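Listed below are the residues making up each chain.
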Amino acid sequence: MVQEVFIRILFFCTILLVVEGLNVVDFGAVGDGQTDDSNAFQQAWKALCEVKEGTPSLEIPLGKTFLLQPVKFSGPCASTTIIVQVLGKIVAPASRDDWKECPLDGWLSFSDVANLSVVGFGTIDGQGSVWWTNQKLHNFKAMHFSKCDNLQLSGLTHINSPKNHISIIDCNGVSISNLQIQAPKESPNTDGIDISQSTYVNITDSNIGTGDDCVAINGQSYHITITNVNCGPGHGISVGSLGKDGRNDTVEDVQVQYCTFNGTQNGARIKTWQGGLGFAKTISFEHITLIDTQNPILIDQYYCNGGHNCQNGTTAVVVSDVTYRDFHGSTIDNEAIKLECSETIGCNNIIMEDINITSSSSNSQTQAYCQNVHGSSHSVQPIVPCLTSLIS
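Residues numbered from 1 in each chain as written. Predicted model: local features only at pLDDT ≥ 70, side-chain atom pairs only at ≥ 80, totals over all residues. Heavy atoms only, no water.

Novice: Break down the pairing of strand β21 (residues 237-242) for me, with residues and values.
Specialist: Taken across its six residues, β21 has six buried, putting it largely inside the fold. Of the strand pairs in this sheet, strand β19 (residues 215-217) and β21 are connected by three bridges, and their pairing is parallel. What sits directly across from Ile-217, in β21, is Val-239. As paired strands, β21 and strand β23 (residues 266-272) are joined by four bridges and run parallel to one another. Paired with Val-239 across the two strands is Ile-270, which belongs to β23. (Buried < 20%, exposed > 50% of the residue type's maximum accessible area, 1.4 Å probe, protein only. Helix = DSSP H or I, 4+ residues; strand = E, 2+ residues; numbered from the N terminus. Pairing = 2+ DSSP bridges.)

Given below as structure tokens:
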């Protein structure tokens, strides 16, 4: 652990030495945690975005706390590469009355900025607890990235977002690494990373514990890789939800590997609404460690989030070509595997190999439930009755 921290500090110190840039303090930012520094940040961004030569950078310095109202950082910028170094702390207003506006997208919103890197070892604090008691009052995320191709996010700590901590939408080529994302288990809809309409997203070496999905992969997202993510508390790593209100949602080529689910409500989850269209296919969950996970493996084609009058539909999002391989660990629920697929289409080519999920209670045995599922299994405990067992 000490070595990992040293390497991270050395890496970011190297960035500081190599890249000369702007500092928000030079544009009037105070950084006392009380003064509204939004205008200073906007002026600093404008200057940064106008730099034409080299690799311009903007520093949010160590040892200061910057209070920001909702701020939009818009491109395109003159330079082909932009670096934002967050070394200090950025905080949202502490009470509802202190918010001057409720943004439609994000508290800190980046749009149309290609080759953007947001790096450092600072903290983004959404101070979201004032919003958690009534989510109907807002729909905004802490950090929102839209149309930011070749995006890099690395090193930061994100805590207590009003809703999603990081939202990625309509981005192509995203690298996310070494993040710490934290919110209480009881905080509603505080997804760690929410991905929509994006391609070639790579998430690695991060710790995520929130009140909702650690990572959620939504419609029109392809080529997503998630490696070495520690998830918990939270609702697991989810594909979906897909097909709400009859939407045509598609997700393809998702790889989740070498991840740990510790005390989560779900582990590897696929969730779709009845009446939807589209597909979720070519998905793999491999080399997964489970520690007291409630629902380790779950396909739910009857997903219905609270407050909706859900009815069975005549259509469904097609779920196919899903592989679960090398799952080991414990569950607090006897039903370790639940594959609840639609009567309309069912789930096809579901493959399970080398799975051993035991109960956290020494007096209980795990079991599997499935309906309308077609596929095969090899060396799986508990036995999944819907799958054809292959004997080596």
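That covers the picture; the talk isn't over yet.
Novice: How would you sum up the sheet that holds strand β8 (residues 106-111)? Please name residues and give values.
Specialist: Here we have eleven strands laid out as an open sheet, ordered β5-β8-β11-β14-β17-β19-β21-β23-β25-β27-β29, and parallel in their pairing. Each edge of the open sheet carries a strand with a single partner, namely β5 (71-74) and β29 (367-371). Neighbour to neighbour, the strand axes of the sheet diverge by 15° on average, direction disregarded. As judged from the three bridges shared by strand β17 (residues 193-196) and β19, these two strands associate in the parallel manner. Residue pairing in the sheet places Asp-194 in a bridge with Ala-216 of β19. Across the sheet, helix α2 (residues 38-50) touches β5 and β8, and the angle it forms with β5 is around 0°. (Axes fitted to C-alpha atoms, helices over the stretch in contact; angles between N-to-C directions. Contact = heavy atoms within 4.5 Å.)

Novice: Explain the environment of Asn-305 residue by residue, including any values.
Specialist: By the secondary structure assignment, Asn-305 is in the loop between β25 (295-300) and β26 (318-331). Look at Asn-305 and you get partly exposed, because its relative accessible area is 38%. As a C-alpha pair, Asn-305 and Ser-109 span 196 residues in sequence and 27 Å in three-dimensional space.

Novice: Pulling in residues and values, what's your account of the side chain of His-144?
Specialist: With respect to the secondary-structure elements, His-144 resides in strand β11 (residues 141-146). Since its relative accessible area comes to 9%, His-144 is described here as buried. Residue contacts for His-144: discarding those within four places in its chain leaves Asp-105, Gly-106, Leu-108, Ser-109, Phe-110, Ser-167 and Ile-169.

Novice: Any details on the state of the cysteines? Residues and values, ideally.
Specialist: For the structure on display, the rule yields four disulfides. For Cys-341, the disulfide goes to Cys-347, at an S-S distance of 2.0 Å. When the S-S torsion is -100°, as for the bridge of Cys-341 with Cys-347, the disulfide is left-handed. Note on cysteine connectivity: Cys-370 is disulfide-linked to Cys-386, with sulfurs 2.3 Å apart. Judged by the torsion about the S-S bond (105°), the Cys-370/Cys-386 disulfide is right-handed. Here the residue Cys-370 occupies a position in strand β29, and Cys-386 occupies one in the loop between β30 (373-381) and β31 (388-389), the gap between them amounting to 16 residues. On the accessibility criterion, Cys-386 (27% relative accessible area) is partly exposed. Here Cys-148 is not cross-linked by a disulfide; its sulfur's nearest cysteine counterpart is in Cys-171, at 5.1 Å. Cys-171 gets classed as buried once you look at its relative accessible area, which sits at 2%. (Disulfide = S-S within 2.5 Å.)

Novice: Run through the nonpolar core, naming residues and quoting values.
Specialist: The biggest cluster of nonpolar side chains holds 93 residues, and the ones touching the most others in it are Phe-145 and Tyr-324. With six residues, α2 is the largest single contributor of residues to this core. (Core = buried A, V, L, I, M, F, W, Y, C linked by side-chain atoms within 4.5 Å.)

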